[in-house]
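# Tertiary structure, described
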Amino acid sequence: MFAQRTDWRLTPNRWSQALEEHRRSGLTLLDLTESNPTRCGFIYDSGQILDALADPRALTYAPEPRGLVSAREAVAAYYAERGVHVDPRQIFLTTSTSEAYAYVFRLLADPGDNLLAPSPSYPLFDFLARLNDVDLVSYPLIYDGEWQIDLLTLERRIADRTRAVLVVHPNNPTGSFVSQAELDFLRSCCAEHSLAIIADEVFADYPWSLEIPDGRRGDVEARVVSHVVASDVLTFTLSGLSKISALPQMKLAWIVVNGPGDLLSSALARLEIIADTYLSVSAPIAHALPKLLAGRHTIQKQITQRVHQNLRWLDQQLSPGSLIHRLHTAGGWYAVLKLPTTRTDEDWAVDLLSQHNVLVHPGHFFDFHSDGHLVVSLLPATEVFQQGMTKLIALVG
């Protein structure tokens, strides 16, 4: 009856069962997994947002496969502010980065082909790859005081049916950026094996500067500004309003394509047919995009301040002799904690939830290579974050 691509294991794990039982109990939950900015107490300019959606041009249907020119010009202007030139003709609008991934996966890979993706990373990639009949092969991010791509293992995992390498900049949840040296290696490797690069930059506007704890000078100087810059390798860069303007409900994202002449022309022509087939971006959101992007600075400042405040408080609680260690990171909204491996990460997470009403993500959710990792969001209100982390620290202690 059903397609094999949807034959997922639907049996809930212990963590999911514990969460469902807790929700039924009605007890207060200290949620340290919350990553929806619209539920974290930030102050949005509701007047500006609603005004952006009231554009009368949205009452006329004038479909453009790549998206409205005015919207794509606004995306190009966003990159210009970051010091990078992008031609609006190289931009495709989509309703989400998930849809953008689907476009690119369909463009590059036939059923049974594979893509290389980082591990640990966000688990959504497994579902997206399977829904598009593509296999996912992981390559490791390794930690030795800081995160880096295991480039030699990545290269060894390239096979005849590999079509692209996926990088996340910065990665979720490790917060590690692709360095220029890593990108140079990847470009050389991809050119040799005729592979594309798919770069996810949804968190790129949230680097941890030198003013934020753990923002090391070497990290800042070595980071790639953006993957949208001209390249001799076919590259697809994904981002959108969900993180940039903290508006996940607005459902607008994009793909920026760059690469060498003939490959770029062919990719743009083929993507236009894919986009024309779906015509998924609504006119009201497309017309609103310039104003929604323009308002990002205020909300980004609030998020950065919240992340800074929660992170600084957390580091103050973790003494050098603490049983909990926060792993070094360079950006994003998350912190990765290393706990004693006397228990599995799921054991730690389930005990926190069932005994102390604190919700955290076990590391296996992100495919960490060893046990004892917990992932917490830095977006929750400061009082919620401090209460939850105080209980976590007490439990481990």
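Above this text is the structure in question.
These lines cover the structure that appears in this document, whether it is placed above or below. (Residues numbered from 1 in each chain as written. Predicted model: local features only at pLDDT ≥ 70, side-chain atom pairs only at ≥ 80, totals over all residues. Heavy atoms only, no water.)

Another point: the sheet that holds strand 11 (residues 334–338). The strands making up a sheet associate through backbone hydrogen bonding, with each pair oriented either parallel or antiparallel. Spatially, 10-11-14-13 is the arrangement adopted by the 4 strands of the open sheet, whose pairing is antiparallel. Both edges of this open sheet fall to strand 10 (325–326) and strand 13 (361–362), since each of them pairs with a single strand only. Pairing geometry for strand 10 and strand 11, over 2 bridges, is antiparallel. Counterpart to histidine 325 in the pairing with strand 11 is lysine 338. Those strands touched by helix 13 (residues 345–356) are strand 13 and strand 14 (373–377), and its axis lies near 45° from that of strand 14. (Pairing = 2+ DSSP bridges. Helix = DSSP H or I, 4+ residues; strand = E, 2+ residues; numbered from the N terminus. Contact = heavy atoms within 4.5 Å. Axes fitted to C-alpha atoms, helices over the stretch in contact; angles between N-to-C directions.)

A few words on the nonpolar core. Formed by 67 residues in total, the largest nonpolar core has its most connected members in Val165, Ile303, Val360, Met389 and Leu392. The dominant element in this core, judged by the number of residues it contributes, is helix 12 (residues 296–317), at 6 residues. Apart from residues no more than four positions distant in its own chain, isoleucine 303 is found in contact with Phe42, Tyr206, Ala246, Trp333 and Leu379. Ranked by size, the runner-up nonpolar core spans 31 residues in total, among them Ala100, Tyr101, Ala196 and Ala267. (Core = buried A, V, L, I, M, F, W, Y, C linked by side-chain atoms within 4.5 Å. Buried < 20%, exposed > 50% of the residue type's maximum accessible area, 1.4 Å probe, protein only.)

This next bit is on empty space enclosed by the protein. Tallying each qualifying case throughout the model produces 1 cavity of 30 Å³ or more. Estimated volume of the largest cavity: approximately 90 Å³. Every residue lining the largest cavity is counted, 13 residues in all, and those nearest its centre are Leu141, Ile149, Val168, Ser176 and Val178. Those elements that provide at least two residues to the lining of the largest cavity are strand 4 (135–143), strand 5 (147–149) and strand 6 (162–168). In terms of residue class, the lining of the largest cavity is made up of 9 nonpolar, 3 polar and 1 charged. (1 Å grid on protein atoms, 1.4 Å probe; cavity = no way out; pocket = protein on both sides within 12 Å on 5 of 7 lines; lining within 4 Å. Points joined across faces, edges and corners; volume = space filled by probe spheres on them. Nonpolar A, V, L, I, M, F, W, Y, C, P; charged D, E, K, R; others polar.)

With that settled, the discussion passes to the packing of aromatic side chains. Any pair of aromatic rings gets described here by the distance separating the centres and the angle formed by the planes. Under the defined criterion, the tally for this structure stands at 13 aromatic pairs. A cation over a ring is seen here: arginine 343 above tryptophan 348, with NZ or CZ 4.6 Å from the ring centre. (Phe/Tyr/Trp six-rings, centres within 6.5 Å; stacked < 30°, edge-to-face > 60°. Lys NZ or Arg CZ within 6 Å of the ring centre and 35° of its normal.)

The final tally for this structure, using the stated rule, is 15 salt bridges. Of the charged contacts in the structure, one is a salt bridge between arginine 5 and aspartate 133, with a shortest N-O distance of 3.0 Å. Residue arginine 5 is found in the segment before helix 1 (14–25), and its partner aspartate 133 is found in the loop between helix 5 (124–131) and strand 4; the two are separated by 128 residues along the sequence. For aspartate 133, a relative accessible area of 22% puts it in the partly exposed group. As a salt-bridge pair, arginine 106 and aspartate 133 come within 3.9 Å of each other at their nearest N and O atoms. (Salt bridge = Lys/Arg side-chain N within 4 Å of Asp/Glu carboxyl O.)

For leucine 19, the position within the fold is in helix 1. Taking relative accessible area as the criterion, leucine 19 reaches 7% and is therefore assigned buried. Distance from leucine 19 to proline 320, taken between C-alpha atoms, is 32 Å for residues 301 residues apart in sequence. Those residues in contact with leucine 19, other than ones at most four positions away along the chain, are Leu29, Leu353 and Leu359.

Let's shift gears to unusual backbone geometry. Geometrically, the link from serine 119 to proline 120 is a cis peptide bond, its omega value of 5° lying close to zero. Relative to the assigned elements, proline 120 resides in the loop between strand 3 (114–119) and helix 5. With omega at 0°, the peptide bond leading from histidine 169 into proline 170 counts as cis. Take proline 170: it is sitting in the loop between strand 6 and helix 7 (180–193). The backbone phi angle of asparagine 357 is positive, close to 60°, even though this residue is not glycine. Position of asparagine 357 relative to the elements: it lies in the loop between helix 13 and strand 12 (358–359). A positive phi angle, near 65°, is found at aspartate 367, a position not held by glycine.

Below, the discussion takes up the packing of helix 12 against helix 14 (residues 382–396). Where helix 12 meets helix 14, the axes come as close as 10 Å, and the angle between the chain directions of the two elements is 25°. The angle between the axes of helix 12 and helix 14 places the two elements in the roughly parallel class. The crossing of helix 12 and helix 14 is right-handed. Here helix 12 contributes Arg306, Gln309, Asn310, Trp313, Leu314 and Gln317 to the contact with helix 14, which in turn contributes Thr382, Phe385, Gln386, Met389, Thr390 and Ile393. (Parallel < 35°, antiparallel > 145°, perpendicular 65-115°, else oblique. Left-handed = near helix turned anticlockwise from the far one by under 90°.)

To continue, consider the sheet that holds strand 4. Spatial ordering of the open sheet is given by 2-9-8-7-6-3-4-5, a layout of 8 strands whose pairing is mixed. This sheet does not close on itself; its edge strands, each paired only once, are strand 2 (91–94) and strand 5. Each adjacent strand pair in this sheet contributes to an overall mean axis angle of 25°, direction not counted. The pairing of strand 3 with strand 6 spans 3 bridges and is parallel. Looking across to strand 6, one finds that asparagine 114 is bridged to threonine 162.

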